[in-house]
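Tertiary structure, described
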Amino acid sequence: MSGFTKFFGKAAAMDRVNVDTDQIIPKQFLKRIEKTGFGRFAFFDWRYLKNGELNPEFELNFPENKGATILIANKNFGCGSSREHAPWALQDYGFQVVIAPSFADIFYQNCLKNGMLPIQLDSEKVEYLLNAAKNQPYNLHVNLEDETVEDENGFKESFDIHPYWKKMLVNGWDEIEITLQYSTEIEEYENAAAK
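Residues numbered from 1 in each chain as written. Predicted model: local features only at pLDDT ≥ 70, side-chain atom pairs only at ≥ 80, totals over all residues. Heavy atoms only, no water.

Taken together, the side chains of E185, E187, E188 and E190 make up a negatively charged region of the molecular surface. Structurally, the position occupied by E185 is in helix 8 (residues 183-194). (Patch = residues over 30% accessible without salt bridge, like charges linked within 9 Å, V, L, I, M, F, W, Y side chains within 5 Å. Areas by Shrake-Rupley, 256 points an atom, 1.4 Å probe, with all protein chains shown as cover. Salt bridge = Lys/Arg side-chain N within 4 Å of Asp/Glu carboxyl O. Lys, Arg positive; Asp, Glu negative; His and termini not counted. Charge placed at Lys NZ, Arg CZ, Asp CG, Glu CD. Helix = DSSP H or I, 4+ residues; strand = E, 2+ residues; numbered from the N terminus.)

Within the structure shown, the criterion is met by 14 aromatic pairs. With 5.4 Å between their ring centres and 75° between their planes, F77 and F107 make a pair best called edge-to-face. In this pair, F77 is assigned in the loop between strand 2 (70-73) and helix 3 (85-93) and F107 in helix 4 (residues 105-113), connecting sequence segments 30 residues apart. There is no split in this pair, since F77 and F107 are both buried. Residues Y93 and F95 carry aromatic rings whose centres are separated by 5.2 Å and whose planes lie at 20° to one another, so their mutual orientation is stacked. (Phe/Tyr/Trp six-rings, centres within 6.5 Å; stacked < 30°, edge-to-face > 60°. Buried < 20%, exposed > 50% of the residue type's maximum accessible area, 1.4 Å probe, protein only.)

Here we take up the pattern of salt bridges. Counted according to the given criterion, the structure contains five salt bridges. Here D15 and K134 are joined by a salt bridge, their closest N and O atoms 3.1 Å apart. Of this pair, D15 sits in the loop between strand 1 (6-14) and helix 1 (21-24) while K134 sits in the loop between helix 5 (123-133) and strand 5 (139-143); the two residues are 119 residues apart in sequence, bridging distant segments of the chain. Taking the relative accessible area as the measure of exposure, K134 reaches 44% and is therefore partly exposed. Across the pair E157 and K125 runs a salt bridge, and its minimum N-O distance is 3.7 Å.

Here strand 3 (residues 97-100) shows no split at all, with V97 and I99 on one side and V98 and A100 on the other all buried. Pairing analysis gives three bridges linking strand 2 to strand 3, with the strands arranged parallel. By the bridge assignment for strand 3, L71 is matched with V98. Note that the unit made of strand 2, helix 3 and strand 3 has a crossover that is right-handed. Read from strand 3 through helix 4 to strand 4 (residues 117-120), the crossover connection turns out right-handed. (Pairing = 2+ DSSP bridges. Right-handed = clockwise from strand over helix to strand, strands pointing away.)

Okay, the sheet that holds strand 6 (residues 148-150) next. Ordered in space as 4-3-2-1-5-6-7, the seven strands form an open sheet in which the pairing is mixed. Either end of the sheet is taken by a strand with one partner, and the two such strands are strand 4 and strand 7 (156-158). Taking each pair of neighbouring strands and ignoring which way they run, the sheet shows an average axis angle of 25°. Taken together, the three bridges between strand 5 and strand 6 define a ladder with antiparallel strand orientation. Residue pairing for strand 6: H141 is matched across the bridge by E150. Running over the sheet, helix 5 touches strand 1, strand 2, strand 3, strand 5 and strand 7 and is turned about 120° from strand 2. (Axes fitted to C-alpha atoms, helices over the stretch in contact; angles between N-to-C directions. Contact = heavy atoms within 4.5 Å.)

Here it is in structure tokens:
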């Protein structure tokens, strides 16, 4: 994974509550074992019409949302089953940051484990962002070091992230890589246990 301390990108609004993981990546696409290639199936049932053409009424299909890398969502985003494929699909689609008033716990953890930043803000703040992102172009600056998100119109808000996850995201580490930081101590322990 690649780490980051600051991120700047176009934000798109998905003003829907209780978006579950089966909508993010429907179950029929979970047969792949790679972490890539899921982006074309993200939000499949909303994104495509029955004839396979793009649904012009789906918000992420609006031409002005093309190339968005920050998703502004509503309450309880990522609820439902615990499939790790959901953040894989969002990342492969192009999103690096998801902002919402609340997330399902497992989805939140899965985002962090896969190098995507979920930001939880108060409902009123997210309401502002949802409305602002509906008027494109709309960009956001995310500063992971300072734990802030801001736009170019004077909005600036702090968010919380556990120091463990912050360190992993900044360095681009996954859980195996963070374990390898202690390889000397692990080797010493194994050598002592073998005696």
